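In case you want the letters, here they are:
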Amino acid sequence: MTDLRALVAAGDSALHDALDLASTMSVSAVEQQLDYDFLENHAEDASRFLRAWLPRLRPFERMQAAEWVTTQYLLTMVHLDHAHGIAARLQMEALAAAAGELADTLDEFWALTDGPDAEVDVSVATALQGLATTVREVSARLSAEVAALPPTP
């Protein structure tokens, strides 16, 4: 197996390969390979990788990973220009995506109320659909806040 660390440290020329490899790994495996010392010593390359990697994750996984990534920008990679702004943008984008996914999941609850063996009352699905509307509004507001953030390189 190719080492993710080596690919990330190789910079732009290996970014595609690093992203492909990371797509076969769990979030925790990526976190383990990109440890404190590596991120501190290869902050620029790691930042490019992390900003390209997060949007490729499924929404809830992305939110989990964004929490870790944000911490790295505030601790290990804080010396990068715009570290706080990059962290804010990545976190907000991940939260907006997760909220949208949660709204979709709440809407899909109807499937559990339909059928001969359904044990869940339709009123539960109706209530969850109302929550889905609220969560979708939260997702939209989070997206609007992302748009209002200062641009990052």
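**Student:** Honestly, the overall build of the protein chain in this entry has me stumped. Any pointers?
**Tutor:** Along the backbone of the protein chain there are 8 helices and 0 strands. The order of α-helices and β-strands along the protein chain, N terminus first, is α-α-α-α-α-α-α-α. What you see for the protein chain is a C-alpha radius of gyration of 19 Å, clearly larger than the 15 Å of a compact globule of 153 residues, by over 25%. With the C-alpha coordinates aligned to their principal axes, the bounding extent of the protein chain is approximately 60 × 40 × 25 Å.

**Student:** Even after reading the chapter, I still don't get the side chain of Arg62, so can you show me in this structure?
**Tutor:** Within the element layout of this structure, Arg62 appears in helix α6 (residues 59-74). For Arg62, a relative accessible area of 13% translates into the label buried. Not counting the four nearest positions on each side in its chain, Arg62 is found in contact with Leu54, Pro55, Leu57, Glu93, Ala94 and Ala97.

**Student:** For this particular structure, what's the right way to read empty space enclosed by the protein?
**Tutor:** Where empty space is left in the structure can be found by rolling a water-sized probe over the atoms. According to the stated counting rule, one finds 1 cavity of 30 Å³ or more in the structure shown. Leu7, Val8, Gly11, Asp12, Leu15, Asp45, Arg48 and Phe49 together form the lining of the largest cavity. The set of elements that each furnish at least two residues to the lining of the largest cavity consists of α1 (4-9) and α5 (43-53). With 3 residues, α5 is the single largest residue contributor to the lining of the largest cavity. By residue class, the composition of the lining of the largest cavity is 4 nonpolar, 1 polar and 3 charged.

**Student:** Explain helix α2 (residues 15-22) here, please?
**Tutor:** Residues lying three or four places apart along an α-helix face the same way, a consequence of the helix completing one turn every 3.6 residues. Of all the positions in α2, only Ala18, Leu19, Leu21 and Ala22 are classed as buried. Mapping the buried residues of α2 onto a view down its axis gives an arc of 160°, with all of them on the same face. On its buried side, α2 packs onto α1, α3 (27-33) and α5.

**Student:** Would you mind going over unusual backbone geometry with me for this structure?
**Tutor:** Among all residues save glycine, negative phi is the norm, and among peptide bonds the norm is trans. In the Ramachandran plot, His82 falls in the positive-phi region, its phi being about 65° despite a non-glycine side chain. Following the sequence through the fold, His82 ends up in the loop between α6 and α7 (83-107). Relative accessible area serves as the criterion here: at 47%, His82 is assigned to the partly exposed category.

**Student:** How do you make sense of helix α8 (residues 122-148) when you look at a structure like this?
**Tutor:** Here α8 contains 27 residues, and its C-alpha end-to-end distance of 39 Å stays within 8% of the 39 Å for a straight helix at 1.5 Å per residue. Buried within α8 we find Ala125, Leu128, Ala132, Val135, Ser139, Leu142 and Val146. In the core, the buried residues of α8 are packed alongside α7.

**Student:** Honestly, the packing of α6 against α7 in this entry has me stumped. Any pointers?
**Tutor:** When two helices pack together, their arrangement is given by the angle between the helix axes and the distance between those axes. One way to put it is that α6 packs onto α7 with a least axis distance of 8 Å and a crossing angle of 165°. Relative to α7, the element α6 is oriented roughly antiparallel. Along this stretch, α6 crosses α7, giving a crossing that reads as left-handed. Residue classes in the contact of α6 with α7 are distributed as 16 nonpolar, 3 polar and 4 charged.

Cut-offs applied
Residues numbered from 1 in each chain as written. Predicted model: local features only at pLDDT ≥ 70, side-chain atom pairs only at ≥ 80, totals over all residues. Heavy atoms only, no water. Helix = DSSP H or I, 4+ residues; strand = E, 2+ residues; numbered from the N terminus. Rg over C-alpha atoms; globule rule 2.2 N^0.38 Å. Buried < 20%, exposed > 50% of the residue type's maximum accessible area, 1.4 Å probe, protein only. Contact = heavy atoms within 4.5 Å. 1 Å grid on protein atoms, 1.4 Å probe; cavity = no way out; pocket = protein on both sides within 12 Å on 5 of 7 lines; lining within 4 Å. Points joined across faces, edges and corners; volume = space filled by probe spheres on them. Nonpolar A, V, L, I, M, F, W, Y, C, P; charged D, E, K, R; others polar. Arc of directions from axis to C-beta. Expected span 1.5 Å × (residues − 1). Axes fitted to C-alpha atoms, helices over the stretch in contact; angles between N-to-C directions. Parallel < 35°, antiparallel > 145°, perpendicular 65-115°, else oblique. Left-handed = near helix turned anticlockwise from the far one by under 90°.

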